[in-house]
Amino acid sequence: MEQAALARLTAQFDQLVRERFPGAPIDRAVVLQYGDDPEIEPGQLVGRVYLTAGPDEGAREQVLEDFHRAHRPAIRELRRELDRLPEVRMLEFVPDGDTGGDDRGPRIRLMAELGPADLETVDVLITAGIAANRADAVRWALARIRERPAYAQLQQRAREIEELKTQF
């Protein structure tokens, strides 16, 4: 995503967070993309909210627990609000602090939810006996995609694109 578009999206996300959690110990709210964090996949955007905390691991965990306990309904509402920013598919809350560059500490992570049409589709697969649960239904659908000849071509093109990127 271009930097100007990412900056606008980050400003929108920050505004949503500040509206939803007035007075909460929020240091900053950012939108991260592929390359900003090793866990972010290509094409994926993550809304990350940093809670003010110190470097002590116990204090960091306590800040996260206290925030979650105090704001659980608002956290869920924010996840739903992110439908206004459809590019952001994952929401994380992490305690800020000096972690020596390691951002793998305690966190609250919420993934994007399936919309009504998608839920209906996976539920039909369950009702038909093709899948035992929603996770199995998604795995089944992905397996069908991988079986198609066009997927192999797409996979090869993705490798070629990655190779071209390394040349710049």
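See the structure above.
Scope of this entry: the structure provided in the associated data block. (Residues numbered from 1 in each chain as written. Predicted model: local features only at pLDDT ≥ 70, side-chain atom pairs only at ≥ 80, totals over all residues. Heavy atoms only, no water.)

## Thoughts on the packing of aromatic side chains
Within this structure, the stated rule accounts for 3 aromatic pairs. Judged by centre distance (5.8 Å) and plane angle (85 degrees), the ring pair of phenylalanine 21 and phenylalanine 93 falls under edge-to-face. In this pair, phenylalanine 21 sits in the loop between α1 (3–20) and β1 (26–33) while phenylalanine 93 sits in strand β3 (residues 88–95), placing the two residues 72 residues apart along the sequence. In this pair, the class of phenylalanine 21 matches that of phenylalanine 93, namely buried. Plain terms: the ring middles of phenylalanine 67 and phenylalanine 93 are 5.2 Å apart, the flat faces sit at 40 degrees to each other, and that makes the pair tilted. One end of the pair, phenylalanine 67, is in helix α2 (residues 57–81); the other, phenylalanine 93, is in strand β3, with 26 residues separating them in the sequence. Grouping residues by exposure puts phenylalanine 67 and phenylalanine 93 together as buried. Aromatic ring contacts, followed pair by pair, group Phe21, Phe67 and Phe93 into a single cluster. A cation sits over an aromatic face here: arginine 28 above tyrosine 50, 3.8 Å from the ring centre. (Phe/Tyr/Trp six-rings, centres within 6.5 Å; stacked < 30°, edge-to-face > 60°. Helix = DSSP H or I, 4+ residues; strand = E, 2+ residues; numbered from the N terminus. Buried < 20%, exposed > 50% of the residue type's maximum accessible area, 1.4 Å probe, protein only. Lys NZ or Arg CZ within 6 Å of the ring centre and 35° of its normal.)

## Here we look at α2
The end-to-end C-alpha distance of α2, which contains 25 residues, comes to just 31 Å, noticeably less than the 36 Å that a straight helix rising 1.5 Å per residue would cover. The set of residues buried in α2 consists of Arg60, Leu64, Phe67, His71, Ala74, Ile75, Leu78 and Arg79. The N-cap of α2, judged by a side-chain oxygen 3.3 Å from the amide nitrogen of glycine 58 a few residues on, is aspartate 56. (Expected span 1.5 Å × (residues − 1). Polar contact = N/O pair within 3.5 Å; in protein donor to acceptor, adjacent residues only side chain to side chain.)

## Concerning the pattern of salt bridges
Scanning all chains against the criterion turns up 16 salt bridges. Put simply, aspartate 27 and arginine 28 hold a salt bridge, and the shortest N to O gap is 2.8 Å. The exposure class of arginine 28 is partly exposed, given its relative accessible area of 32%. Salt-bridge contacts for arginine 48 lead to glutamate 92; the nearest nitrogen and oxygen are separated by 2.7 Å. You can see arginine 48 sitting in strand β2 (residues 45–51) and its partner glutamate 92 sitting in strand β3, a full 44 residues away along the chain. Here the two residues arginine 48 and glutamate 92 agree in accessibility, since each one is buried. Overlapping salt bridges, with partners in common, bring together Asp37, Glu39, Arg48, Glu92, Arg107 and Arg109 in one network. (Salt bridge = Lys/Arg side-chain N within 4 Å of Asp/Glu carboxyl O.)

## Details of the sheet that holds β3
Pairing within the open sheet is mixed, and its 4 strands lie in the order β1-β2-β3-β4. Of all the strands in the sheet, just β1 and β4 (108–111) have a single pairing partner and so form its edges. When the angles between neighbouring strand axes are averaged without regard to direction, this sheet yields 15 degrees. Across 7 bridges, the pairing between β2 and β3 is parallel. Looking at the pairing, glycine 47 lines up with leucine 91 of β3. Along the sheet, α2 makes contact with β2, β3 and β4, crossing β3 at roughly 150 degrees. (Pairing = 2+ DSSP bridges. Axes fitted to C-alpha atoms, helices over the stretch in contact; angles between N-to-C directions. Contact = heavy atoms within 4.5 Å.)

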